[in-house]
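For reference, the chains in residue letters:
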Amino acid sequence: MTTLENTTGTTPVASDLVAGFPFPFPEDRYRYSTNVEPAEQPVVTPAGQWGAAVVDIDSEYRSELDQRAAILAADPSRHAVLPHMVPAAWDTMLTLMRELDAVYPEQMHLENLGGDEWLWRNDILGIEQCFRYADAATLPDEPLRYIASQVQEDIALLDQRNDQLFVDAGVVTFAADWSFGFDVGMSFLEIHGPVPRIRKEGVITRAHEFLKRLQPHQPYRRTNWTLTIDRRLDVSTEIYHEWGPDRETIQHVDDEEFGRRVHLRVEVQHLIRLPDSGAIVFLIRTYLLPLDQLATVEPWRRRAAEVLAELPADMAEYKGIIKYRDRAAQYLRDAAPVAPLPSGP
Ligand code: HEM
């Protein structure tokens, strides 16, 4: 893993995490919108690019998979497959294996051995597995959890029935202040109930109509964002007692610690209609960049400061950042590069 030269006193972060960071703000002002776009082209940023594929492996791969395994072992409610979603779980597994094989051909290999027989190899993790599609006895784990142990993305599966979408399966270990165990079985519209503004603005009803018409082989993507203290992926409601108090204590640390510990947290979410089962897979890939690193990319520093300062209070409250977003905006403003003194005549 390459880490950045730490000559500036900023947090050492692997260079690929800056280059691949999906900076989420196209404007100085952020409002909720039905921000979905075809997942066709990578997005070029001042630091690099993101979005080349629906699955993304970076230098955190092993660490994040270890964290997911530990979370699932401690709390099995982060994984659920309602009985009617078993075909969709197999469909998801094979779809993601195909994607991995296409995007990482050096390390990931999927081979059809004839009919329903397949050979899967993940050389990063040293896995070699023959399996028969839809035959649970041929895999060491339930198929959704099996593939979730090999991708950094959280996975939710939506069933479509009676003109509605329901979150009826998933493996979600890195939820940002929600609970998969609580939400499983709920409709898409119910799940978005707590979000301010969106009902009046029609954001979620439009997204619902759009998703119901989603076609196979035409993946879409969107981003969502918040701030998180430390590199903590699991900020789910279940363990609020572990991370909630940080929102208080972070207000009292010095600037150096503030910039090192407060992270811009961005989710790249992909939406894919599965070809066989007709379910929708919702992939949530979470990226964390500390503010001190963010501030080293000048256009990001300037824009994030504007967005945080301007964000309406109800949205900041819902995102759980109301107590420290002003300080975060000020931190980024203060990190402006010092203009060079004009040289004499
Ligand atoms: C939260 C929009 C798809 C689950 C939100 C928020 C917005 C939003 C604006 C508030 C985020 C924030 O302030 O941080 C959308 C749109 C979608 C979409 C436009 C599709 C085009 C989905 C899907 C799921 C989902 C497919 C399935 C699991 C959630 C959950 C929350 C959330 C669990 C947190 C709700 C809570 O506070 O309990 N979404 N979303 N979203 N979304 Fe979505």
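Up top is the structure.
Here's a quick rundown of the structure.

1. A short note on the coordination of the iron atom of the ligand
The protein supplies the iron atom of the ligand with one donor atom, His-192 (NE2), which lies at 2.0 Å. Considering the arrangement of structural elements, one finds His-192 in the loop between helix 6 (188-191) and helix 7 (198-201).

2. Details of the side chain of Gln-152
Tracing the sequence through the fold places Gln-152 in the loop between helix 4 (143-148) and strand 8 (154-161). There is a polar contact of 3.5 Å between the side chain of Gln-152 and the side chain of Arg-285. Each residue touching Gln-152, except ones within four places of it in the same chain, is listed here: Asp-56, Ile-57, Asp-58, Glu-60, Tyr-61, Glu-64, Leu-65, Arg-68, Phe-174 and Arg-285.

3. With respect to the pairing of strand 6 (residues 117-122)
Note that strand 5 (residues 108-114) and strand 6 share six bridges and pair antiparallel. Counterpart to Gly-114 in the pairing with strand 6 is Glu-117. Linkage of strand 5 to strand 6, two consecutive antiparallel strands, is achieved through a turn of two residues, within which Gly-115 is found at a positive phi near 60°. As paired strands, strand 6 and strand 7 (residues 127-132) are joined by six bridges and run antiparallel to one another. Bridge pairing links Leu-119 to Cys-130 in strand 7.

4. Notes on the sheet that holds strand 7
Strand order in the open sheet formed by three strands is 5-6-7, and the pairing between neighbours is antiparallel. The open sheet has two edge strands, strand 5 and strand 7, and neither has a second partner. If you compare each strand with its neighbour and ignore which way they point, the axes differ by 15° on average. Of the strands in this sheet, strand 5, strand 6 and strand 7 are in contact with helix 3 (residues 86-103), which crosses strand 5 at around 120°.

5. Digging into helix 2 (residues 61-74)
Side chains three or four residues apart in an α-helix point the same way, a direct result of the helix having 3.6 residues per turn. Under the 1.5 Å per step criterion, the end-to-end length of helix 2 is 20 Å for 14 residues, consistent within 8% with the ideal 20 Å. Taken residue by residue, helix 2 has Tyr-61, Glu-64, Leu-65, Arg-68, Ile-71 and Leu-72 as its buried positions. Along the axis of helix 2, the buried positions cluster into a sector of 125°, meaning they face one direction only. Opposite the packed face of helix 2, turned more than 90 degrees from it, sit the exposed residues Asp-66, Ala-73 and Ala-74.

Basis of the calculations
- In every chain, residue numbers begin from 1 and rise along the written sequence.
- Per-residue local features of the predicted model are confined to residues with pLDDT of at least 70, and side-chain atom pairs are confined, for both listing and counting, to 80 or more; whole-chain, interface and lining totals are unaffected and use all residues.
- Derived side-chain values reflect all non-hydrogen atoms in the structure, with water molecules and hydrogen atoms excluded from consideration.
- For Na, K and Ca the donor cut-off is 3.2 Å; for every other metal, N, O and S atoms count as donors within 2.8 Å. Water does not enter the count, which can leave sites looking incomplete.
- Helix and strand labels come from DSSP, where a helix needs a run of H or I of at least four residues and a strand needs a run of E of at least two; each type is numbered from the N terminus.
- N or O atoms within 3.5 Å of each other form a polar contact, as long as, within protein, one can give a hydrogen and the other can take it, and as long as residues adjacent in sequence are counted only when both atoms are side-chain atoms.
- Contacts are residue-level and defined by heavy atoms, with any inter-residue pair within 4.5 Å sufficient.
- Between any two strands, pairing holds if DSSP finds at least two bridges.
- Only the contacting stretch of a helix is used when fitting its axis, a line to C-alpha atoms as for every element, and angles between N-to-C directions run 0 to 180 degrees.
- The span one expects for a helix is its residue count, reduced by one, times 1.5 Å.
- In this scheme, a residue with accessible area under 20% of its type's maximum is buried, one over 50% is exposed, and one in between is partly exposed, where area comes from a 1.4 Å probe on protein chains only.
- Directions are taken from the helix axis to each C-beta atom, and the arc is the one they span.

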